[in-house]
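# Working through the structure, step by step
If you want the building blocks of each chain, they are given just below.
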Amino acid sequence: MNFKVNVYTAIIVLIVGLYDLAYAFNRRQNHRRGNKAFMILGLIFTVAGVALLFMHWMN
């Protein structure tokens, strides 16, 4: 499969993932519940952003 990946899309997905992770860490200090959802989404978006960047550079 040969996907054409836009580098700006990959960077935005990576930034959203890192923002979700930062939000989860900051929320952990103030709230005891609701951290796992942001942590999981942050990890998914971060891994997807890195994968998209890797796919962009491989083409």
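Scroll up a little and you will see the structure.
This report concerns the structure included in the present document. Remember, predicted model here, so these are calculated numbers, not experimental data.

### Some words on the side chain of Thr46
Considering the arrangement of structural elements, one finds Thr46 in helix α2 (residues 35-58). With a relative accessible area of 16%, Thr46 lands in the buried category. What Thr46 contacts, discounting residues up to four positions off in sequence, is Leu14, Gly17, Leu18 and Leu21.

### A short note on the packing of aromatic side chains
Within the structure shown, the criterion is met by 1 aromatic pair. Ring plane angle 70 degrees and centroid distance 4.7 Å describe the contact between Tyr23 and Phe38, whose orientation is recorded as edge-to-face. One end of the pair, Tyr23, is in helix α1 (residues 7-30); the other, Phe38, is in helix α2, and 15 residues separate them in sequence. Since its relative accessible area comes to 26%, Phe38 is described here as partly exposed.

Definitions and limits used
- Residues numbered from 1 in each chain as written.
- Predicted model: local features only at pLDDT ≥ 70, side-chain atom pairs only at ≥ 80, totals over all residues.
- Heavy atoms only, no water.
- Helix = DSSP H or I, 4+ residues; strand = E, 2+ residues; numbered from the N terminus.
- Buried < 20%, exposed > 50% of the residue type's maximum accessible area, 1.4 Å probe, protein only.
- Contact = heavy atoms within 4.5 Å.
- Phe/Tyr/Trp six-rings, centres within 6.5 Å; stacked < 30°, edge-to-face > 60°.

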